[in-house]
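These are the residues of each chain, in order.
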Amino acid sequence: MAEWTECMNFGITIARQASKVILEAFRAKKDVMLKSSPADLVTETDQRVEKMLISRIRERYPTHKFIGEESVAAGEKLELTDSPTWIIDPIDGTVNFVHRFPFVAISIAFAVNKQTEFGIVYSCVEDKMYRAQRGGGAFVNDVPLHTSGQEDITKSLVVTEIGAERDCLALCTMTTNIMNLLAIPIQGIRAVGTAAVDMVLVATGGADAYYHIGMHCWDIAASALIVTEAGGVVLDTDGSEFDMMSRKVIAASSMPVAKRIAQVVRAFPCTRDDEDPARVNNGGHCISSGL
Ligand SMILES: O=P([O-])([O-])O[C@@H]1[C@@H](O)[C@H](O)[C@@H](O)[C@H](O)[C@@H]1O
Ligand SMILES: [Mg+2]
Ligand SMILES: [Mg+2]
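Reference entry: report on the structure contained in this document. It should be emphasised that the depicted structure is a prediction, and the values quoted were computed from it without experimental measurement.

Notes on the coordination of the magnesium ion (ligand 3)
Coordination of the magnesium ion (ligand 3) by the protein comes from Glu69 (OE), Asp89 (OD) and Ile91 (O), over a distance range of 2.0 to 2.2 Å. Look at where the donors of the magnesium ion (ligand 3) fall in the sequence and you get E-x19-D-x1-I. A separation of 3.5 Å is found between the magnesium ion (ligand 3) and the magnesium ion (ligand 2), which are bridged by aspartate 89. Remark: aspartate 89 occurs in strand β4 (residues 85–92) and glutamate 69 occurs in helix α3 (residues 69–73); sequence separation between them is 20 residues. Per residue, the accessibility class of glutamate 69 equals that of aspartate 89, and both read buried.

Let's talk about the coordination of the magnesium ion (ligand 2)
Looking at the magnesium ion (ligand 2), the protein donor atoms are Asp89 (OD), Asp92 (OD) and Asp219 (OD), and they sit 1.8 to 2.0 Å from it. We note that the donor set of the magnesium ion (ligand 2) lies within a single chain, spaced as D-x2-D-x126-D.

Details of the packing of helix α1 (residues 5–26) against helix α2 (residues 44–60)
Orientation of α1 relative to α2, taken along the N-to-C sense of each, is 155 degrees, at an axis distance of 10 Å. Judged by the inter-axis angle, α1 sits roughly antiparallel to α2. Crossing hand, α1 versus α2: right-handed. For the pair formed by α1 and α2, the contact residues are Glu6, Phe10, Ile14, Ala15, Gln17, Ala18, Val21, Ile22 and Ala25 on the first element and Thr45, Arg48, Val49, Met52, Leu53, Arg56, Ile57 and Arg60 on the second. When grouped by side-chain class, the residues that make up the contact of α1 with α2 number eleven nonpolar, two polar and four charged.

Cut-offs used in this document
- Residues numbered from 1 in each chain as written.
- Chains lettered and ligands numbered in written order.
- Predicted model: local features only at pLDDT ≥ 70, side-chain atom pairs only at ≥ 80, totals over all residues.
- Heavy atoms only, no water.
- Donors = N, O, S within 2.8 Å, 3.2 Å for Na, K, Ca; no water.
- Helix = DSSP H or I, 4+ residues; strand = E, 2+ residues; numbered from the N terminus.
- Buried < 20%, exposed > 50% of the residue type's maximum accessible area, 1.4 Å probe, protein only.
- Axes fitted to C-alpha atoms, helices over the stretch in contact; angles between N-to-C directions.
- Parallel < 35°, antiparallel > 145°, perpendicular 65-115°, else oblique.
- Left-handed = near helix turned anticlockwise from the far one by under 90°.
- Contact = heavy atoms within 4.5 Å.
- Nonpolar A, V, L, I, M, F, W, Y, C, P; charged D, E, K, R; others polar.

This is the structure we're talking about:
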């Protein structure tokens, strides 16, 4: 664990530096581009911040590998090998960033032998630095984090996202999931607009669970470790072992809450992050049945 502390501290330093660029642009006029759907946005700031993070890391650790959201969007192959790999979302919550909705995060995970060694989620507007090292606990601004430990789904507050999909199958699946959870009943549904912040709220105890279908490894790799190091549970939406490439996740305060959500939530078909995007008919997004 201590082996990667220096890397994590460097990641925290460059996340703070990148945040300055994001916050300066947050208030400025933005040129917005579309990726896989009318709600899947990217700006020049996303691209600039990712380039800045990768170049600073590469300068210090020239043998390390990268999986960056905007590098993959520009055509780079998404492949997680056993090499030390930085998994980066330069702005998680780009729709929020474009609208000046004050929740945007930088998410940086670091994996070796395909196992996440540390995760950093910096919620820039809030100035909250969430971090965890495998086996070392989870913290926000250096204060220890613990989940709520809630085991009763009927006493739970659940976070999710509607995501960028706008096809009927995805929208029907996601709204049906929300309706079926509310009918249990649960005490509420929330959506912050950034998967990374959604998920670290489970680590803080402020939410009892988060689930989503369609997000990507860079959205959640860091926050998944932060949740487990805070005493939480992270699974696939079908209740099986979490796989950051599957694009389906449940993070919860306890196993009973996670398993109850897995019983209710249904996924729509999604290509895995590590599947060849050429096999996908809409640029790497979730495939709909065209209903
Ligand atoms: O694109 P981005 O802002 O980095 O990441 C976003 C996620 O944080 C969000 O939870 C999801 O609903 C969006 O579809 C998008 O993936
Ligand atoms: Mg993201
Ligand atoms: Mg992003």
